[in-house]
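# Analysis of the macromolecular model
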Amino acid sequence: MPLIALVLLNIVVGLLLAESAARELRASPRSVMALRGFAAVAMHETLVVTPCLFWLLERQPDWMVSYLFDGAKIPSALALFLGLVDGALGLAGFAVGARWFREHHPRRIRVAAGAIAAAAALGLLVARERVGVVGSYLQFRGGFGLAPWLGSSASAAVLVALFASGAGAGALVVWLRRER
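Since we're looking at a predicted model, the values are computed, not measured.

### Details of the side chain of S66
Mapped onto the secondary structure, S66 falls in the loop between α4 (61-64) and α5 (76-102). By relative accessible area, which is 3% here, S66 ends up buried. Leave out the neighbours within four places in its chain, and S66 touches M1, P2 and R130.

### Looking at a nonpolar patch on the surface
Nonpolar side chains collect at one region of the surface, where L122, L125 and V126 lie side by side and expose about 310 Å² of accessible area between them. Examined against the element boundaries, L122 turns out to sit in helix α6 (residues 106-126).

### Remarks on the packing of aromatic side chains
Using the criterion set out here, one finds three aromatic pairs in the structure. For the pair F38 and F94, a centre-to-centre distance of 6.1 Å together with 50 degrees between the ring planes defines the contact as tilted. Of this pair, F38 sits in helix α3 (residues 36-59) while F94 sits in helix α5; the two residues are 56 residues apart in sequence, bridging distant segments of the chain. With respect to class, F38 is no different from F94; both count as buried. Ring geometry for Y67 against F140: centres 4.5 Å apart, planes inclined by 5 degrees, an arrangement best described as stacked. In this pair, Y67 sits in the loop between α4 and α5 while F140 sits in helix α8 (residues 137-142), placing the two residues 73 residues apart along the sequence. This pair shows no difference in class: Y67 is buried, exactly as F140 is.

### Some words on the nonpolar core
Counting 23 residues, the largest nonpolar core has L15, L17, L25, V41, F94 and L172 as the members making the most contacts within it. Residue assignment for this core shows that the elements contributing at least two residues are α1 (2-20), α2 (22-27), α3, α5, α6 and α9 (153-178). Per-element tally for this core: the top contributor is α1, with five residues. When near neighbours in sequence (up to four residues on either side) are disregarded, L25 contacts A18, L35, A98, F101 and R102. Within the second largest apolar cluster, 21 residues are counted, among which are C52, A120, A157 and A161.

### Thoughts on the environment of L91
Its location among the elements puts L91 in helix α5. Judged by its relative accessible area of 19%, L91 is buried. Residues L91 and L15, spaced 76 residues apart in sequence, show a C-alpha to C-alpha distance of 8.6 Å. The residues contacting L91, other than those within four sequence positions of it, are F38, V41, A42 and E45.

Cut-offs and rules
- Numbering of residues starts from 1 in every chain and runs along the sequence as written.
- At least 70 in pLDDT is required for a residue's local features to be given in this predicted model, at least 80 for side-chain atom pairs to be given and counted, and no such filter applies to totals for whole chains, interfaces and linings, which use all residues.
- Only hydrogens and water are set aside; all other atoms, that is, all heavy atoms of the structure, feed into the side-chain values.
- Comment: elements are numbered from the N terminus, with helices defined as DSSP H or I runs of at least four residues and strands as E runs of at least two.
- Throughout, exposure labels follow a simple rule: accessible area from a 1.4 Å probe, protein chains only, divided by the maximum for the residue type, with under 20% read as buried, over 50% as exposed, and the rest as partly exposed.
- Throughout, a contact is declared for two residues whenever any of their heavy atoms are within 4.5 Å.
- Patches here: salt-bridge-free residues with over 30% relative accessible area, like charges joined within 9 Å, nonpolar side chains (Val, Leu, Ile, Met, Phe, Trp, Tyr) joined within 5 Å.
- We get accessible surface area from the Shrake-Rupley algorithm with a probe of 1.4 Å; when it comes to residues, only the shown protein chains can shield them.
- The working definition used for a salt bridge is a side-chain nitrogen of Lys or Arg within 4 Å of a carboxyl oxygen of Asp or Glu.
- Stacked, edge-to-face and tilted are the three classes for Phe, Tyr and Trp ring pairs, Trp counted by its six-membered ring, which pair at centre distances within 6.5 Å; planes under 30 degrees apart are stacked, over 60 edge-to-face, the rest tilted.
- By convention a nonpolar core is built from buried Ala, Val, Leu, Ile, Met, Phe, Trp, Tyr and Cys residues, the set being connected through side-chain atoms within 4.5 Å.

Shown next as structure tokens:
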């Protein structure tokens, strides 16, 4: 579930970044993919979000897949595919948000972002028994040697990844709001 929650939160960030690009969206009749804001979001997805996801998948694979299967057996090609899908969904969130903004439905952006973020939070709440502990797939299945999430290496990795992604998104918001 943490993997799905991170992907959903990336879509939320894409939607909200579209709202931050309001100035460019109002001023330019070009397609969304031709905008500088879209290119900036694509760079953020490529240089910040995707490496953070890869890092978390590498450091805590079992926890990231909620112990549904042995995370060590995730092929690197599948991890690459998941990273690309995550980045594409963030860009799709931006494109959908930009479309809604141009259609004069900016409220949809916040409603959709709130609903998606709530779905991610609900998923984490439902899976709290799986998300709240850290260990290997075998430890989870056997019920031994699990550590609480708070204070574990997984919590530190998630906090670093969220800080990096949040700082990048924050800088991007500032840039998008100044862009003319």
